[in-house]
Structure formats: C-alpha cells, structure tokens
Amino acid sequence: MKSFELMPRFQNAVAGFDLFHREDPATATVDGERVPRELAYSRRMAAWVERLDPEAGEILLLAAHCQHLRRFSLPRTDYPDGRKGYLAWRRAAALEHARLAGAVLRDAGYRREQMERVQNLVLKRAGRSAAAEAQTLEDAACLVFLEHDLEALAGRLGADKTAEVLARTWPKMSVAGRDAAAALELKPELRALVERAVKRTPS
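Residues numbered from 1 in each chain as written. Predicted model: local features only at pLDDT ≥ 70, side-chain atom pairs only at ≥ 80, totals over all residues. Heavy atoms only, no water.

Caption draft 1: Local environment of the environment of Ala 176. Tracing the sequence through the fold places Ala 176 in helix α8 (residues 175–182). In this structure Ala 176 comes out as partly exposed when scored by relative accessible area, which is 44%. (Helix = DSSP H or I, 4+ residues; strand = E, 2+ residues; numbered from the N terminus. Buried < 20%, exposed > 50% of the residue type's maximum accessible area, 1.4 Å probe, protein only.)

Have a look at this one:
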C-alpha cells in the first residue's frame, strides 16, 4: 500500500465516494457477494489502474474511485435515443460526477488545485501534463467494460452491433491497455467479437 493511501484525507475521500456508490439500487456480484453496481465499478477501476500503473499517484487513484458518482440518478432514458442523445447524457453525467467529487474532496481536506486535477480527469479535460494519467484511466474503463460488461452488452445488442461498439473502444486504448485486453480470459464467443473488432480497426 502506498503511503498516501494510509493518509486520513485519502481514506476519507474514498469513504465519501463509496457513500454515493452504495446508494446505487442496481447490484453486481463481486467474489460471490451482491454489492451496489457502482461500488463494484469503482473498485474494479482502481484495481485496473494499479495493475496498469503500479506507481499510480494519489490524484489518479482518486479519479478512479470517483467514477460514476450517482450515475443512477441520471437515467439514460431521460435523453433522446441515438448517439447525440447518448453524448448529451454522458456530458451531463460527467459534470455531475465532477461536482460531487469536488464536494467530497473539499470536505476531505484537499486543496482546490488537487480537486480540479481530479475533476479534469473525470471530465476528460486533462492537459498534456496529465495525458498519461488520462490514458491509464481510459484503459482501465475499457478493461472493466471488456471483463465485466461485454457479455451482457452482446446479449442485448447482438454480435454485429457489439462489434461496432468494440471497434470504437479499441482505438481508445494504449498499447499497454490492448495487451492487457488480449490477456483477458473471455468466453470464446466474446473473444471472437473482440478479434473481429480489432480487424475492423484502422492501424
């Protein structure tokens, strides 16, 4: 465990994020236990960030833990169908996640500059100085999706539509992220969808 993870402010911030995550009425199974889905997501994000970057710093791990804060309160169905509606929903959700994250971080004792760095990662507005952190976060999100959500998506959309989603996902990942994805233990039919999408992705 890193030294900052033992600091009260970090622990208080993560506990504050988890209070929001625990409000999620949807659940996921983690080690045989049903837990709030967004709590599971934040833990999986943080775990992947640390696997991808063992030297991940405090700001990056805070950003991993505060993904999707109260996303359940902004249903996708409140926005129009299609990609335009989807993007509007994503923007609104990200702004709410960042707002809530800022409030938790302020209460935990973080400085304004630190709060803004976390919020910029959540909003995908990280500048050049944080490009590596932003990419690690993106890789982690893609890997959590592939590992835990791909099967449900394929069941809902079918093979062709899922391959289209994957073809948009693959270019977002770094080489390290793609290597990690290639090492995932996926069901044969899901692995075939990933390989199909990779072939469709321009090199």
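Caption draft 2: Structural view of the pattern of salt bridges. For the structure shown, the criterion picks out eleven salt bridges. Glu 23 serves as the salt-bridge partner of Arg 70, at 2.7 Å between the closest nitrogen and oxygen. Linking Arg 70 in the loop between α3 (58–65) and α4 (82–108) with Glu 23 in the loop between α1 (8–21) and β1 (27–30), this pair joins segments that are 47 residues apart in sequence. Arg 70 sits in the partly exposed class, given a relative accessible area of 25%. In this structure, Glu 138 engages Lys 124 in a salt bridge whose closest nitrogen and oxygen atoms are separated by 3.2 Å. Of this pair, Glu 138 sits in helix α6 (residues 131–157) while Lys 124 sits in the loop between α5 (112–122) and α6, and the two are 14 residues apart along the sequence. Under the relative-accessibility criterion, Lys 124 is labelled exposed at 53%. Several salt bridges converge on common partners, so that one network encompasses Arg 111, Glu 113 and Arg 117. (Salt bridge = Lys/Arg side-chain N within 4 Å of Asp/Glu carboxyl O.)

Caption draft 3: Up close: the pairing of β1. Pairing analysis gives four bridges linking β1 to strand β2 (residues 33–36), with the strands arranged antiparallel. Within β2, the residue paired with Thr 27 across the bridge is Pro 36. (Pairing = 2+ DSSP bridges.)

Caption draft 4: Representation of the environment of Ala 181 within the structure. Structurally, the position occupied by Ala 181 is in helix α8. We classify Ala 181 as buried; its relative accessible area is 3%. Note: C-alpha distance between Ala 181 and Asp 139 (42 residues apart in sequence) is 9.2 Å. Apart from residues lying up to four places away in sequence, Ala 181 is in contact with Leu 143, Leu 146, Trp 170, Met 173 and Arg 191. (Contact = heavy atoms within 4.5 Å.)

Caption draft 5: Representation of the packing of helix α2 (residues 37–52) against α3 in the model. At a closest axis distance of 7 Å, the pairing of α2 and α3 adopts a crossing angle of 150°. With respect to each other, α2 and α3 are oriented roughly antiparallel. Seen from α2, the contacting residues are Ser 42, Met 45, Ala 46, Val 49 and Glu 50; seen from α3, they are Leu 60, Leu 61, Ala 64 and His 65. Here the residues of the contact of α2 with α3 sort into six nonpolar, two polar and one charged. (Axes fitted to C-alpha atoms, helices over the stretch in contact; angles between N-to-C directions. Parallel < 35°, antiparallel > 145°, perpendicular 65-115°, else oblique. Nonpolar A, V, L, I, M, F, W, Y, C, P; charged D, E, K, R; others polar.)

Caption draft 6: The arrangement of the environment of Glu 96 in detail. Inspection of the secondary structure assignment puts Glu 96 in helix α4. Along the chain, Glu 96 and Leu 123 lie 27 residues apart, while their C-alpha atoms are 9.7 Å from each other. Polar contacts involving the side chain of Glu 96 include one to the side chain of Arg 99, which spans 2.8 Å. (Polar contact = N/O pair within 3.5 Å; in protein donor to acceptor, adjacent residues only side chain to side chain.)

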